[in-house]
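Per-entry structural report
What follows is each chain in one-letter form.
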2 protein chains.
Amino acid sequence: MGKEFVKDITAMDVDFAQWYTDVVTKADLIDYSSVRGSMIIRPYGYALWENIKNELDSRIKETGHENVYMPLFIPESLLQKEKDHIEGFAPEVAWVTHGGDEKLAERLCVRPTSEVLFCEHYKNIIHSYRDLPKLYNQWANVVRWEKTTRPFLRTLEFLWQEGHTCHATDEEAHEETVKMLNVYADLCENVLAIPVVKGQKTDKEKFAGAKYTYTIESLMHDGKALQSGTSHHLGDGFAKAFGIQFTDKDGSLQHVQQTSWGFTTRIIGAMIMVHGDDRGLVIPPNVAPVQLMIVPIAQHKEGVLDYAYGLKETLARVARVDIDASDKKPGWKFNEHEMKGIPLRLEVGPKDIEKQQVVLARRDTGEKMIVSADQLEAKITETLADIQRNLFEKARELREEKTFTALNFDELKEIFKIKTGFVKAMWCGDRDCEEQIKEETGATSRCMPFHQETISTECVCCGKDAKKLVYWAKAY
Amino acid sequence: MGKEFVKDITAMDVDFAQWYTDVVTKADLIDYSSVRGSMIIRPYGYALWENIKNELDSRIKETGHENVYMPLFIPESLLQKEKDHIEGFAPEVAWVTHGGDEKLAERLCVRPTSEVLFCEHYKNIIHSYRDLPKLYNQWANVVRWEKTTRPFLRTLEFLWQEGHTCHATDEEAHEETVKMLNVYADLCENVLAIPVVKGQKTDKEKFAGAKYTYTIESLMHDGKALQSGTSHHLGDGFAKAFGIQFTDKDGSLQHVQQTSWGFTTRIIGAMIMVHGDDRGLVIPPNVAPVQLMIVPIAQHKEGVLDYAYGLKETLARVARVDIDASDKKPGWKFNEHEMKGIPLRLEVGPKDIEKQQVVLARRDTGEKMIVSADQLEAKITETLADIQRNLFEKARELREEKTFTALNFDELKEIFKIKTGFVKAMWCGDRDCEEQIKEETGATSRCMPFHQETISTECVCCGKDAKKLVYWAKAY
């Protein structure tokens, strides 16, 4: 049952939020459970996460980092050691108060992030400049007590990696912060085909306890922005709160300079909202659990299934390939695999076998190609690369179409009234202006892009001297 | 500092528990934190876990299972659905009672295991015999509120995989239970070089909610047993409690038959206690993060470091290789790498370079070999395989030395008074006898081995008709 029915999804233009919910559930990425705000990541969704994780983990290791694992629980007193940090996180942590029947002497929070645990450990193991840098990362689940949740985008619990590093100098910590932001940007652009804007968060939007936060921001199909990865220079604030000191080459005692950076399952939400369409998911080949799905036509006829399974074996050399030999009708299968965003479909029936050819169908453009058997491997490799390129280009074009500029407050308000997208506008650096913009437009400052332009000399809000170009947007 | 001091470890025979603690901390596997009963898994320990995890994950996937991810929290009412299950786990769960400042309407437990979450999901997605089997696995952290904890062996939080499957028939569920126990046994014996006894748990020792539990049991250097992996046939108890039903081929409505099986970070404790010695860890090559450590001798002399780094690059083809080019003395380095259990050390100095040879030193036997450069790759491959074999053989011999038989209760008590190890003895199947044995000897039934022998016809405790041969031991 179930699977054989047409899975209707709401059209994007009708209700984007409902479209998203339809896609994540009907493409079998997630299921809900009786645990409020949490999601079950189903095999197809988790395979996607494993691919993303493997790509990122190898980049993290190649840049010299080591994986560790810290405890899930943080004693309340430890979380309170760094003032800004606890202020930022206290409202959204889950508290464990009982173990078995016993009431705990001190409450434990379920980690919302692990800075304080890393700091406590670093204090134990760092003594000399020879112990630096320490470049650690962990893959873990974290919990943030969100009121309103949506699968992948904002969930009570999510999966992520969190990097935590210690350096001898401010300059080295700065370099690390930039390096890891670039790793995230590379992953987004070259694996997930999601173009990003790199920049710095304003003080209002930076991480609780950070000196500054770098971010990559991407734009969804509906014109809303999504923070896709952040990298923080923590300065020596945590080091001072936790007493993480080292003896420098000259014998002096110094506090370490720290960074942290994180990338989460949220990116799957971005991938869906950047590439998806009214037929469902569209997954970039570089991260697709299945890159090529073989659908035998008239599979009851002699030789068809054998031939199709033979192709599966051969083509495994050039792609992650699967075969759908279920007893559903081909049309149902096409819908199903399109819904799941599989980049390429291969159709092969008795006539194709006779003619030594197959049909390839692209998920991104819908194009169908007749390919002769002797050119098949090359054509698949070439087409997967072309789909990857095309998805990135389409996303970049969409972002450009939806990127506007505003020179004064009236323009800014007018744009956010009738459009959604990035708005580039100058800012004086004053938090009051940032808050007023949010209040009157619903948009927040996404970042001060590294690539600065001077589109005006006046703050878009107050008209005073502008200091920075800022990307503003309504955001997830 | 720190690292340059000799790291003394307590001798095994003096105090085995202290030896264990010394090894796990001084070999940099773990660190303690202010979170009671939890451990920080440091880079070397985590690299070990990653290797174990990769080996197991590929076996789990090869046997047709898919990875998923379930929520961390379980609402109290959901945990209570299966009566035996909640009785078994309630005393050892951590309870979340507050989110931010808000008191929760219903307490959430931090998962001690995820049967009930899988069951709730399976009820949603299983309708027909076509949906079966469902073969799911998850890699996750779980929490059990233990009073007394020891790194890896018993910790408040640990990492594991938990498989959860649904089948149409009791027979298929049985086959799955056996298959996954065999996967665990294969991993233990062929990767971790730990010989295991396969068998069934008594009803007293089985999993809370299971029909029966299969287990692999291993024997530590001190003669205590360690349960190293379990695989449970859950029958239809959970299915009935959760209403997981499917329409069978004949149109009838049936409850699914379920299994679950788990393997944890605890196995690292077993690896340490099976292979370690008074100089520290001994890691089997198949799982060692570093299989070969190159130590340059007189590395300040011209050409030595270049030569050593050249070797590192070449030898990466045949082993996981690293180089210690720090400014510590070679003797310190030897101690350090022996402490860390690195299977092979390669020493190379100016004279070796002149003679086109190197020295290889085995961690397991201490043997040193002069190897000519042109035979080096073959010799390394061959020696690593030999170390792997040797460790398994040594562990098997130790287990045989420490496996005893008892024909009556006096013998049993006498053995456990003066020795530690496995004791094979017959049992009538009565829980009272099992409890009396535990009370008077401190030993528990480890398993009823699949390979049964009849060493007597009478129960070792009560003298009545014996039903099963049981392995008894004091256990971790």
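Reading guide: rules and limits
- Residues numbered from 1 in each chain as written.
- Chains lettered and ligands numbered in written order.
- Predicted model: local features only at pLDDT ≥ 70, side-chain atom pairs only at ≥ 80, totals over all residues.
- Heavy atoms only, no water.
- UniProt positions renumbered as here; feature names shortened; annotations may be inferred.
- Salt bridge = Lys/Arg side-chain N within 4 Å of Asp/Glu carboxyl O.
- Helix = DSSP H or I, 4+ residues; strand = E, 2+ residues; numbered from the N terminus.
- Buried < 20%, exposed > 50% of the residue type's maximum accessible area, 1.4 Å probe, protein only.
- Pairing = 2+ DSSP bridges.
- Right-handed = clockwise from strand over helix to strand, strands pointing away.
- Axes fitted to C-alpha atoms, helices over the stretch in contact; angles between N-to-C directions.
- Contact = heavy atoms within 4.5 Å.
- Domains from an automatic or database assignment.
- Buried area = accessible area lost by both parts, 1.4 Å probe.
- Polar contact = N/O pair within 3.5 Å; in protein donor to acceptor, adjacent residues only side chain to side chain.
- Parallel < 35°, antiparallel > 145°, perpendicular 65-115°, else oblique.
- Left-handed = near helix turned anticlockwise from the far one by under 90°.
- Nonpolar A, V, L, I, M, F, W, Y, C, P; charged D, E, K, R; others polar.

Per an unreviewed UniProt entry, the recorded name for chain A is Proline--tRNA ligase, and the organism is Cytobacillus mangrovibacter. If you open the UniProt record of chain A and go to Sequence similarities (unreviewed entry), you find "Belongs to the class-II aminoacyl-tRNA synthetase family. ProS type 3 subfamily." In UniProt, chain A has this text filed under Subunit (unreviewed entry): "Homodimer."

1. A word on the pattern of salt bridges
Residues and elements named next belong to chain A. This structure, assessed with the given rule, holds 65 salt bridges over all chains. With a closest N to O distance of 2.7 Å, Asp-186 and Arg-59 form a salt bridge. Residue Asp-186 is found in helix α6 (residues 170–191), and its partner Arg-59 is found in helix α2 (residues 43–62); the two are separated by 127 residues along the sequence. Given a relative accessible area of 17%, Arg-59 falls into the buried group. Linking Arg-362 and Asp-364 is a salt bridge whose minimum nitrogen-to-oxygen distance equals 2.8 Å. Exposure class is identical for Arg-362 and Asp-364. Each is buried. Look at the salt bridges and you will find they share partners, linking Arg-279, Glu-338, Arg-345, Glu-347 and Lys-368 into a network.

2. Looking at the UniProt feature "domain: Aminoacyl-transfer RNA synthetases class-II family profile" (unreviewed entry) in chain A
UniProt annotation of "domain: Aminoacyl-transfer RNA synthetases class-II family profile" (unreviewed entry) refers to residues 36–284 of chain A when read in the numbering used here. With 32% helix and 33% strand, residues 36–284 of chain A has its two end C-alpha atoms placed 31 Å apart.

3. Considering the pairing of strand β15 (residues 292–296) of chain A
Residues and elements named next belong to chain A. With five of five residues buried, β15 lies mostly within the body of the structure. In β15, alternate side chains face the same way, and those of Leu-292, Ile-294 and Pro-296 on one face and Met-293 and Val-295 on the other are all buried. One ladder, built from three bridges, connects β15 with strand β16 (residues 321–323); its direction is parallel. Paired with Leu-292 across the two strands is Val-321, which belongs to β16. Crossover β15 to β16 through helix α9 (residues 304–315) is right-handed. In this structure, β15 lies alongside strand β17 (residues 344–348), joined through five bridges in parallel fashion. Counted as the bridge partner of Val-295 is Glu-347 from β17.

4. Some remarks on the sheet that holds β17(A)
Either a parallel or an antiparallel arrangement is found when strands of a sheet pair, and the pairing is made through backbone hydrogen bonds. Residues and elements named next belong to chain A. With respect to topology, five strands assemble into an open sheet ordered β16-β15-β17-β18-β19, the strand pairing being mixed. On the outer flanks of this sheet lie β16 and β19 (368–372), each paired with one strand and no other. Sheet twist, expressed as the average angle between the axes of neighbouring strands with direction ignored, equals 25°. Its contacts with the sheet place helix α10 (residues 330–339) against β15 and β17, and it is angled at close to 170° to β15.

5. Re the environment of A:Gly442
All names here are of chain A. Relative to the assigned elements, Gly-442 resides in the loop between α14 (431–441) and β22 (444–449). Sequence separation between Gly-442 and Thr-215 is 227 residues; the distance between their C-alpha atoms is 20 Å. Dropping the residues within four chain positions of it, Gly-442 is found in contact with Ile-437 and Lys-474.

6. Considerations on the domain arrangement of chain A
All names here are of chain A. One can read the domain layout of chain A as domain 1 (7–275), domain 2 (285–393) and domain 3 (404–473). Summarising the inter-unit geometry, the C-alpha centres of domain 1 and domain 2 are found 37 Å apart. Opposite the 20 residues of domain 1 that make contact, domain 2 presents 12 residues. Summing both partners gives a buried area of about 1,400 Å² for domain 1 against domain 2, and 65% of it is carried by carbon and sulfur. Per-residue buried area on domain 1 facing domain 2 is highest for Tyr-44, Asn-51 and Ala-193; these three make up 35% of the total on that side. The tally of links from domain 1 across to domain 2 stands at one salt bridge. Between Asp-28 and Lys-340 there is a salt bridge, with the nearest N and O atoms lying 3.6 Å from each other. The tally of links from domain 1 across to domain 2 stands at five residue pairs in polar contact (both at pLDDT 80 or more). Taken together, the elements giving at least two residues each to the side of domain 1 that touches domain 2 come down to α2, α6 and α8 (266–275).

7. Remarks on the packing of helix α13 (residues 409–418) of chain A against α14(A)
All names here are of chain A. At a minimum axis separation of 10 Å, α13 and α14 run at an interaxial angle of 40°. When the axes of α13 and α14 are compared, the pair comes out oblique. In the crossing of α13 with α14, the sense of the turn from one axis to the other is right-handed. Counted together, Phe-409, Leu-412, Lys-413 and Phe-416 of α13 and Gln-436, Ile-437, Glu-440 and Thr-441 of α14 form the full contact between these two elements. Its residues placed into classes, the contact of α13 with α14 shows four nonpolar, two polar and two charged.

8. Overview of helix α10 (residues 330–339) of chain B
For α10(B), the set of buried residues is B:Lys333, B:Phe334, B:Glu336, B:His337, B:Glu338 and B:Met339. Contacts from the buried residues of α10(B) go to α1 (16–26), β15 (292–296) and β17 (344–348) of chain B.

9. Digging into the interface of chain B and chain A
Residue-level contacts link 55 residues of chain B with 55 residues of chain A. Roughly 4,600 Å² of surface becomes buried between chain B and chain A when both sides are summed, with 56% attributable to carbon and sulfur atoms. In terms of surface lost to chain A, no three residues of chain B exceed B:Pro43, B:Tyr69 and B:Trp145, which account for 13% of the buried area on that side. At the boundary of chain B and chain A, one finds six salt bridges. Here A:Arg130 and B:Asp327 are joined by a salt bridge, their closest N and O atoms 3.2 Å apart.

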